[in-house]
Amino acid sequence: MKTYYMFGDSLMRGVMPDEAWNYHSSDAIGFEAMQAQYNMKFLNFAMPTFTSERVKMWLTQIMSNHPVPDVAFLECGGNDCDYNWKSICEGRCDYEHRHRVAPQDFKKNYENMIHLLQEKGVAVTAVIAPPIAIEVYLSYLLKSGVDKDIMSEYVNSVQQMQDEYAGYGDIMRDTAKENGCEILSLRESFLALGDMKAYYSKDGMHPNEAGYALIRGDFEKYFASAAGII
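- The chain carries the name GDSL-like Lipase/Acylhydrolase in an unreviewed UniProt entry, which gives Lachnospira eligens as its organism.

Here it is, written out as structure tokens:
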């Protein structure tokens, strides 16, 4: 029986907000059923809100005191690419440093995690997150108190933010290829929809049940292939 470790952020935990804006983890991706179906053991170490810097620290800690798995899923980037809105609104962050983790630092963190796992003999699969519903997310930020004039200084267009989030995914993809990792991209299933808004929670960042169902389909194809079923 193969053992899989999962590292990442809220996406891998199936996080969604409820009507009162409380966020809850769930098994919306269906990992519990999949490990039984494909005779595999999953340990999910993903942590909501974590950037790559915190994932790296957490991963280092886990790998120092847990058995070595066969495979590790490595998903992050959404929190890294997100803007540091608190600092921006307080006037403590210029445009150049708007991301919570700069692209060059994100690449370094991601590559360091891959190397740490590979040095222990772990096969790494890079999990590239789906895009976010930018228009919904920006509307959520305005409702949350981000000043519209301040936002306009940092966000030139929806396309700008779409390109930036895609750019972090490209960093993951390129780094994974450079280091001989498998790649499981969740982007394409969402991009094929055209209008993605119906597949996201009201914050525009976290998928809803329908969105997680798309992600579940991508993971099921991956595990079916790994089990030799397809």
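## Notes on the pattern of salt bridges
Part 1: As enumerated under the stated definition, the model contains seven salt bridges in all.
Part 2: Lysine 107 is paired through a salt bridge with glutamate 178; the nearest N and O atoms lie 3.2 Å apart. On the criterion of sequence distance, the pair formed by lysine 107 in helix H5 (residues 103-119) and glutamate 178 in helix H8 (residues 158-178) is long-range, its members being 71 residues apart.
Part 3: Taking relative accessible area as the criterion, glutamate 178 reaches 54% and is therefore assigned exposed.
Part 4: For arginine 173, the salt bridge is made with glutamate 188, and the minimal N-O distance between the two is 3.6 Å. Taken together, the positions of arginine 173 in helix H8 and glutamate 188 in helix H9 (residues 187-191) put the pair 15 residues apart, joining distant regions of the chain.
Part 5: The class for glutamate 188 is partly exposed, based on a relative accessible area of 42%.
Part 6: Via salt bridges that share partners, Lys86, Glu90 and Arg92 belong to a single interconnected network.

## Some details on the UniProt feature "domain: SGNH hydrolase-type esterase" (unreviewed entry) in the chain
Part 1: UniProt records the feature "domain: SGNH hydrolase-type esterase" (unreviewed entry) for residues 7-214 in the present numbering.
Part 2: For the annotated span residues 7-214, helix accounts for 46% and strand for 12% of the residues, and the straight-line distance between the end C-alpha atoms is 20 Å.

## Remarks on the packing of helix H2 (residues 52-65) against H5
Part 1: Where H2 contacts H5, the two axes come as close as 9 Å, and the packing angle between them is 15 degrees. Relative to H5, the element H2 lies roughly parallel. Judged by the twist between their axes, the crossing of H2 over H5 is left-handed. Along its contact with H2, which presents Ser52, Glu53, Val55, Lys56, Leu59, Thr60 and Met63, the element H5 presents Phe106, Asn109, Asn112, Met113, Leu116 and Leu117.

## Looking at the sheet that holds strand E6 (residues 123-128)
The strands that make up a sheet are held in pairs by hydrogen bonds between backbone atoms, and each pair lies either parallel or antiparallel.
Part 1: The strand order E4-E1-E5-E6-E7 describes an open sheet built from five strands, whose pairing is parallel. Bordering the open sheet on either side are strand E4 (40-44) and strand E7 (182-185), each of which pairs with just one other strand. Put simply, the sheet's adjacent strands are angled 20 degrees from each other on average, direction ignored.
Part 2: Pairing of strand E1 (residues 2-7) with strand E5 (residues 71-74) involves four bridges; the strand directions are parallel. When the sheet's bridge partners are listed, phenylalanine 7 is paired in E5 with leucine 74.
Part 3: Its contacts with the sheet put H8 on E5, E6 and E7, and the angle it makes with E6 is roughly 160 degrees.
Part 4: Its contacts with the sheet place helix H10 (residues 209-226) against E1, E4, E5, E6 and E7, and it is angled at close to 150 degrees to E7.

Calculation rules
- Residues numbered from 1 in each chain as written.
- Predicted model: local features only at pLDDT ≥ 70, side-chain atom pairs only at ≥ 80, totals over all residues.
- Heavy atoms only, no water.
- Salt bridge = Lys/Arg side-chain N within 4 Å of Asp/Glu carboxyl O.
- Helix = DSSP H or I, 4+ residues; strand = E, 2+ residues; numbered from the N terminus.
- Buried < 20%, exposed > 50% of the residue type's maximum accessible area, 1.4 Å probe, protein only.
- UniProt positions renumbered as here; feature names shortened; annotations may be inferred.
- Axes fitted to C-alpha atoms, helices over the stretch in contact; angles between N-to-C directions.
- Parallel < 35°, antiparallel > 145°, perpendicular 65-115°, else oblique.
- Left-handed = near helix turned anticlockwise from the far one by under 90°.
- Contact = heavy atoms within 4.5 Å.
- Pairing = 2+ DSSP bridges.

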